[in-house]
Amino acid sequence: DVIAQSPRLVLDADALKAIAASEALHVEVTARSQRGQATVITPHPLEAARLLGCTTAQVQADRLAAAQQLADRLDCVVVLKGSGTVITAPGHLPTINPTGNARLATAGTGDVLAGMIGAHLAAAAQRGACALRAAREAVYVHGQVADRWPDGQALTASALARAVVR
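Scope of this entry: the structure provided in the associated data block. In this text the structure is predicted, and so the values were computed from the model without any measurement.

### Focus: helix H8 (residues 131-147)
The first and last C-alpha atoms of H8 sit 24 Å apart over 17 residues, in line with the 24 Å expected at 1.5 Å per residue. Residues of H8 that are buried sit in contact with strand E2 (38-41), strand E3 (77-80), strand E4 (86-88), helix H7 (109-127) and helix H9 (157-165).

### Regarding the side chain of Thr 88
Tracing the backbone shows Thr 88 in strand E4. Using a relative accessible area of 0% as the deciding quantity, one classes Thr 88 as buried. Polar side-chain contacts of Thr 88 include one of 2.7 Å to the side chain of Gln 68.

### Regarding the sheet that holds strand E1 (residues 8-11)
Ordered in space as E1-E2-E3-E4-E5, the five strands form an open sheet in which the pairing is mixed. Edge strands, defined here as strands with exactly one partner in the open sheet, are E1 and strand E5 (95-96). Looking at chain direction, E1 and E2 are connected through four bridges and run parallel. In the strand pairing of E2, Leu 11 is matched with Ile 41.

### A short note on the side chain of Thr 85
Positionally, Thr 85 belongs in the loop between E3 and E4. Given the relative accessible area of 13%, Thr 85 is considered buried. There is a polar contact of 3.1 Å between the side chain of Thr 85 and the backbone oxygen of Gly 82. Setting aside residues no more than four positions away along its own chain, Thr 85 makes contact with Arg 63, Val 79, Leu 80, Thr 95, Ile 96, Asn 97 and Val 139.

Basis of the calculations
Residues numbered from 1 in each chain as written. Predicted model: local features only at pLDDT ≥ 70, side-chain atom pairs only at ≥ 80, totals over all residues. Heavy atoms only, no water. Helix = DSSP H or I, 4+ residues; strand = E, 2+ residues; numbered from the N terminus. Expected span 1.5 Å × (residues − 1). Contact = heavy atoms within 4.5 Å. Buried < 20%, exposed > 50% of the residue type's maximum accessible area, 1.4 Å probe, protein only. Polar contact = N/O pair within 3.5 Å; in protein donor to acceptor, adjacent residues only side chain to side chain. Pairing = 2+ DSSP bridges.

What follows is the structure, encoded as C-alpha cells:
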C-alpha cells in the first residue's frame, strides 16, 4: 500500500480525512518514521481539528501547539495552513512562515502547495536534506509568489503553479 511503501509522502485533503476516521491509517502513518520514511501532512484548521479530535476554534486559538501536537502524534512534519502557516516536526520548535497573504485562500492553491512540498521533498532526498527543511522551503516560495502577485490580478491555482515553475 502507498502509505507503507512510499519513501516520501505528502498527505492532504481526503487523505487527512481518512486518517482522522481510521485508527489503522493513523498507526500506519505514525509507523513510517520508524522505517525512515519521510511524511509531510498539510492540514488546514478544520482538517487539523479532525485529526486532533477537537474544534477548529481550539486549533485556531493556539496554532503553534496544535501543529506540534499533530507532529508528535503522527511522528511527521506538519504544515498547518492558514494565516501564518505553521511548520513543525517532532523534536523541533514550530516556525511561522513569513510569506503569503489572503490570495492563497483561493480554491486549489493548497493543492499547488502539496505538489511543491512533494517536489522539494524529492529534491531534498537527493541532496541529503530533511523533510522539515523541504517543507519550510516550499511553504516560503509558495507564499512569496502570492506576495509578489500583481495587484488587481486574480491568483488562481493554475496561475500560481505556472508562476512557481518560471
